[in-house]
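Take a look at the letters that make up each chain.
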Amino acid sequence: MAGKVYVVYASLTGNTRKVAQALAESVGGVLVDVRRDPLPRLEPGDVVFVGDGVYGGRPSRALRRALSSWDLPQGVKAAVFGTYGGRPSQLPVLERILQAKGAQVVDRFACLGRDWFLLGLVGRGRPSPQDLEAARNFAQRVVR
Ligand SMILES: Cc1cc2nc3c(=O)[nH]c(=O)nc-3n(C[C@H](O)[C@H](O)[C@H](O)COP(=O)(O)O)c2cc1C
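These remarks concern the structure in this document. (Residues numbered from 1 in each chain as written. Predicted model: local features only at pLDDT ≥ 70, side-chain atom pairs only at ≥ 80, totals over all residues. Heavy atoms only, no water.)

**Concerning a nonpolar patch on the surface**
At step 1: A grouping of Phe117, Leu118, Leu119, Leu121 and Val122 is seen on the molecular surface, where their side chains present a nonpolar patch of about 560 Å² in accessible area.
At step 2: Among the structural elements, Leu119 can be located in the loop between strand E5 (104-112) and helix H4 (129-143). (Patch = residues over 30% accessible without salt bridge, like charges linked within 9 Å, V, L, I, M, F, W, Y side chains within 5 Å. Areas by Shrake-Rupley, 256 points an atom, 1.4 Å probe, with all protein chains shown as cover. Salt bridge = Lys/Arg side-chain N within 4 Å of Asp/Glu carboxyl O. Helix = DSSP H or I, 4+ residues; strand = E, 2+ residues; numbered from the N terminus.)

The following block contains the structure:
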């Protein structure tokens, strides 16, 4: 693999951060928390993972905001990921945003995350060690 790997994410209650860390660790990627870090300037040949939880059926405002002013090289390889309580409906939204910027979205990954909107009763213990293992495999598949 020629380029660099970036894992760009937002995580309001910490679940997606765990997945982002597993992805970055698995493929030597640079973690970028959009609520804290500036977005990187990508080069052709780089790979970018973009992920979030889902809040009211959408990605967070923080991530949508950050992505809205981000330019990507045409055809850059991208993959989307996330955690959810009921349904990962943020993924198609993220996918469309990236495609509209000319990225090639090659894969997607989602797992349950403990849901604090439902008082932490749903998704206890998630993402689990098995979820994180599946996330690492996903990362390797994308980067290969
Ligand atoms: C305010 C709020 C709204 C949520 N809305 C949804 C939703 O619409 N659909 C869903 O599947 N999960 C929903 N969830 C569950 C989160 O997507 C889930 O817990 C996810 O793992 C959170 O990711 P994070 O910890 O990285 O922020 C919601 C959680 C919160 C706190």
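After that view of the structure, there is still more to cover.
**A few points about the site of the ligand**
At step 1: With respect to spatial proximity, 20 residues lie near the ligand, and among them Ser11, Thr13, Val54, Tyr55 and Gly86 are the closest.
At step 2: With the chains in place, 84% of the 640 Å² that the ligand exposes on its own is no longer accessible.
At step 3: Judged by the fraction of its atoms near the pocket grid, the ligand is located in the largest pocket.
At step 4: Put simply, the parts of the chain that give the shell around the ligand at least two residues each are helix H1 (15-27) and strand E4 (77-84). (Near = heavy atom within 4 Å. 1 Å grid on protein atoms, 1.4 Å probe; cavity = no way out; pocket = protein on both sides within 12 Å on 5 of 7 lines; lining within 4 Å. Sits in = over half its atoms within 2 Å of the grid points.)

**Observations regarding the sheet that holds E5**
At step 1: The five strands are arranged E2-E1-E3-E4-E5 in an open sheet whose pairing can be described as parallel. In the strand order of this sheet, the two ends are held by strand E2 (30-33) and E5, each with one partner. Sheet twist, expressed as the mean angle between neighbouring strand axes with direction ignored, is 20 degrees.
At step 2: In this sheet, E5 lies alongside E4 in parallel orientation, the contact comprising eight bridges. (Pairing = 2+ DSSP bridges. Axes fitted to C-alpha atoms, helices over the stretch in contact; angles between N-to-C directions.)

**With respect to the pattern of salt bridges**
At step 1: With the rule as written, the count across this model stands at six salt bridges.
At step 2: Salt-bridge contacts for Glu95 lead to Arg108; the nearest nitrogen and oxygen are separated by 2.9 Å. Of the two residues, Glu95 sits in helix H3 (residues 90-100) while Arg108 sits in strand E5, which places them 13 residues apart along the sequence.
At step 3: Judged by relative accessible area, Arg108 falls into the partly exposed class, the value being 38%. (Buried < 20%, exposed > 50% of the residue type's maximum accessible area, 1.4 Å probe, protein only.)

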